[in-house]
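Working through the structure, step by step
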Amino acid sequence: MVEALDSWHMGQVFYAYRTHPWHGRVLSQDRLAAWLDLNQAQLSRIESGKPPQDLAKLMRWAHSLYVPGDLLWFKLPDAKQSVSTEVVLAKNPSEKPSAEPDRMSADVLLRVVVHGRTVLIPVAAETLAANGLGELLNQSVEAAVMDSVGRETMSAFNRREFLKTGVAAAVLPSLGLDSVLEDAHRCADGPIVAYFGRVLEKAKQDDGALGPKKTLPVVLGLLDALESQVREVKPSVRRELLSVGAEGAEFAGWLYRDIQQPQAAVAWYDRAMEWAQEADDASMQGYVLLKKSQMAYDERDALRVLTLAQAAGHARWQLPARVQAEVTQQEALGRAMLGDPLDVVRGQLDTAATLLASASDDDPEALGAYFNGHTRLLRDAITLTEAGKPNRTVDLFGEVLSANAMSHRDTGFFNARRAAALALSGEPDEAAKIGTDSASVAYEVKSERTVRVLGEVLHSLDRWRSRPAVRELRDVLNSVG
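Residues numbered from 1 in each chain as written. Predicted model: local features only at pLDDT ≥ 70, side-chain atom pairs only at ≥ 80, totals over all residues. Heavy atoms only, no water.

**Some points on the overall build of the protein**
How we decide: Helix and strand assignments follow DSSP, with helices taken as H or I runs no shorter than four residues and strands as E runs no shorter than two, numbered in order from the N terminus. Remark: exposure states derive from per-residue accessible area (1.4 Å probe, protein chains only) relative to the maximum for the residue type, with buried under 20%, exposed over 50%, and partly exposed in between. Contacts: residue pairs with any heavy atoms within 4.5 Å of one another.
Helix and strand counts for the protein come out as 26 helices and 4 strands. Going through the 481 residues of the protein one by one, you find that 51% of them count as buried. Here the contacts in the protein between residues at least 6 apart in sequence split such that 63% fall between residues at least 24 apart.

In structure tokens, the structure reads:
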């Protein structure tokens, strides 16, 4: 190792580390690459190529392998310099500048830079105030909010304090994130796997009521703790932890979808797939493909909706019946968007209903457990709307939503879809009224995905723009946009 470090070639350091007798056996390039956030091909090129010169990468890799700073040929920042935060007000790009910043519609991005890696954590401004995060940063929330000129506030703090008492724990202290981090260092076997799973499940339960901006910090903190822990456990436990991590990364992808940050969503979906592959979790790999298909629908990419759903439906993934039903329905959606005959679309919707009826309801935490009869009917309504039959779906939306079986956030979203169907059916006043109600929920839980749908509704209502209800919807969307 000393010779490798003296060579000033990080690739030789990697090779010496992998082949060191302390490990008991040679570590594979795949394994070390996963620890370094690389793939096998990238690691192989680094080991056999010219010495890397990118200082940020060298610093990150040295931190990842815990290389003592006095053995390195470059200087590492001290602990205070290696971690920093910025609190940045991120407004919707479409929002018009105003003299007074809108505290309630503003979203604060907590940018955490750790060993050269940047993580953006979106947090509602009122959440910062309610949980005293401004005091943690040694400044008031008022000072943390930029005005339209673009001023920023910078503050540095200790990374351990962030994970224990920072935004991740401050937003939802009931999740006990501090306990996760403490227990992660004490437990090295099965119990910690179950503990991470319980914390993740609690975050999922809270998401529907609290929204993504209040849930995402906890999930990102949890994934950070899990990623650190997987490096210190036995291979069998590592696989179990990575399986939980894949589920958490998929959930992070969903949360980023809900706040309309597709690039971050794709990154987390890719991480979920990588971890699921290493964990040999076939079902999760198929499930991530389903989620990517659903994200393609957000982007109105009909062909990818269909082909990703078809890929998710392959037998190799061994999906449970409930997820198979959701995949089949998603394929029907893709076919509807592409203009396939209505009887073909209906045939797949019927198949999805049959698969769902065969699913077991024993485990409420099983993969895809949220996909129930109500969800299926609402998704059927969306598919039929895409098939050009919105008038047949309005009553279906109303019937399911009147049962009050959905979360607060999902009720707002599907009401937006109901408003879209009403607008396409030529019912402008009812569409605008329901859209206005949906907007209030979207505003409350910070669901930008719902706001996006309502923007489509408003476009459909353009020919009725002078009607009072439509004007009210436009005013509401402008006020929260």
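**Some words on the packing of aromatic side chains**
Stated formally: For this analysis, a ring pair means two rings from Phe, Tyr or Trp (six-membered ring only for Trp) whose centres lie within 6.5 Å, classed as stacked if their planes differ by under 30 degrees, edge-to-face if by over 60, and tilted for the remaining angles. Charge-over-ring placement is defined geometrically: NZ (Lys) or CZ (Arg) within 6 Å of the ring centre, and within 35 degrees of the ring normal.
Inspection of every chain in the model, using the stated rule, returns 2 aromatic pairs. An angle of 75° between the planes, with centres 5.4 Å apart, marks the rings of Phe 14 and Trp 61 as edge-to-face. You can see Phe 14 sitting in helix H2 (residues 10-19) and its partner Trp 61 sitting in helix H5 (residues 55-64), a full 47 residues away along the chain. For the pair Phe 14 and Trp 61, one class covers both residues: buried. Here the aromatic rings of Phe 413 and Phe 414 are separated by 5.2 Å at their centres, their planes lie at 75°, and the arrangement is edge-to-face. One exposure class covers both Phe 413 and Phe 414, and it is buried. Across from the ring centre of Phe 413, 3.8 Å away, lies the NZ or CZ of Arg 449, which sits over that ring.

**Here's the deal with helix H20 (residues 342-357)**
Spelled out, the test is: To estimate the expected span of a helix, subtract one from its residue number and multiply by 1.5 Å. To obtain the arc, one takes the directions from the helix axis to the C-beta atoms.
The end-to-end C-alpha distance of H20, which contains 16 residues, comes to 23 Å, matching closely the 22 Å that a straight helix rising 1.5 Å per residue would cover. Listed in full, the buried residues belonging to H20 are Val 345, Gln 348, Leu 349, Ala 352 and Leu 356. Taken down its axis, H20 places every buried residue within 100° of arc, on the same side. Facing away from the buried surface of H20 by more than 90 degrees, the exposed residues are Asp 343, Asp 350, Thr 354 and Ala 357. Where H20 is buried, its residues meet helix H19 (321-337) and helix H21 (373-386).

**Things to note about the environment of Gln 330**
Among the secondary structure elements, Gln 330 is positioned in helix H19. The buried category is assigned to Gln 330, whose relative accessible area is 5%. Sequence separation between Gln 330 and Asp 380 is 50 residues; the distance between their C-alpha atoms is 9.4 Å. Those residues within four positions of Gln 330 in sequence are excluded, and the remaining contacts are Leu 290, Ser 293, Gln 294, Tyr 297, Val 305 and Ala 309.

**A few points about the pattern of salt bridges**
What counts here: A pairing counts as a salt bridge when a side-chain nitrogen of Lys or Arg comes within 4 Å of a carboxyl oxygen of Asp or Glu.
Applying the stated criterion across every chain, the model contains 20 salt bridges. Across the salt bridge formed by Arg 257 and Asp 298, the nearest N and O atoms sit 2.8 Å from each other. With Arg 257 in helix H15 (residues 235-258) and Asp 298 in helix H17 (residues 282-298), the pair connects residues that are 41 residues apart, well separated along the chain. A relative accessible area of 5% means that Arg 257 is categorised as buried. When its relative accessible area of 11% is taken as the criterion, Asp 298 is described as buried. A salt bridge links Glu 326 to Lys 291; the nearest nitrogen and oxygen atoms lie 3.7 Å apart. Of this pair, Glu 326 sits in helix H19 while Lys 291 sits in helix H17, and the two are 35 residues apart along the sequence. Residues participating in the shared-partner salt-bridge network are Asp 207, Asp 258, Arg 409, Asp 410 and Arg 449.

**Some points on the nonpolar core**
To be explicit about the condition: Remark: nonpolar core denotes a set of buried residues (Ala, Val, Leu, Ile, Met, Phe, Trp, Tyr, Cys) joined through side-chain atoms within 4.5 Å.
The biggest cluster of nonpolar side chains holds 48 residues, and the ones touching the most others in it are Phe 196, Val 219, Leu 241, Phe 251, Tyr 256 and Trp 268. When residues of this core are traced back to their parent elements, those giving at least two are helix H13 (190-210), helix H14 (212-229), H15, helix H16 (262-278), H17, helix H18 (302-312) and H19. Those residues within four positions of Val 219 in sequence are excluded, and the remaining contacts are Ala 203, Gly 248, Phe 251, Ala 252 and Leu 255. Met 406, Ala 420, Ala 423 and Leu 461 belong to the second-largest nonpolar core, a separate cluster that totals 37 residues.

**Describing helix H25 (residues 448-460)**
Over its 13 residues, H25 runs 19 Å from end to end, which matches the ideal 18 Å to within 8%, given 1.5 Å per residue. Residues of H25 that are buried: Arg 449, Thr 450, Val 453, Leu 454, Val 457 and Leu 458.

**Points about the packing of H21 against helix H23 (residues 408-424)**
Where we set the bar: Where helices are involved, their axes are fitted lines through C-alpha atoms of the stretch in contact, as for all axes, and angles between N-to-C directions lie from 0 to 180°. Any angle that is under 35 degrees is reported as roughly parallel, and any over 145 degrees as roughly antiparallel; angles of 65 to 115 degrees are reported as roughly perpendicular and all others as oblique. The sense of a crossing depends on the near helix, which, turned anticlockwise from the far helix by less than a right angle, makes the crossing left-handed and, turned clockwise, makes it right-handed. Ten residue types, Ala, Val, Leu, Ile, Met, Phe, Trp, Tyr, Cys and Pro, are classed as nonpolar, four, Asp, Glu, Lys and Arg, as charged, and the remainder, Gly among them, as polar.
One can describe the packing of H21 onto H23 by two numbers: an axis separation of 11 Å at closest approach and a directional angle of 30°. One way to sum up the angle between H21 and H23 is to call them roughly parallel. Once H21 is placed against H23, the crossing between them reads as left-handed. In contact with Leu 378, Arg 379, Ile 382 and Thr 385 of H21, H23 contributes Phe 414, Arg 417, Ala 421 and Leu 424. Residues of the contact of H21 with H23, tallied by class, amount to 5 nonpolar, 1 polar and 2 charged.

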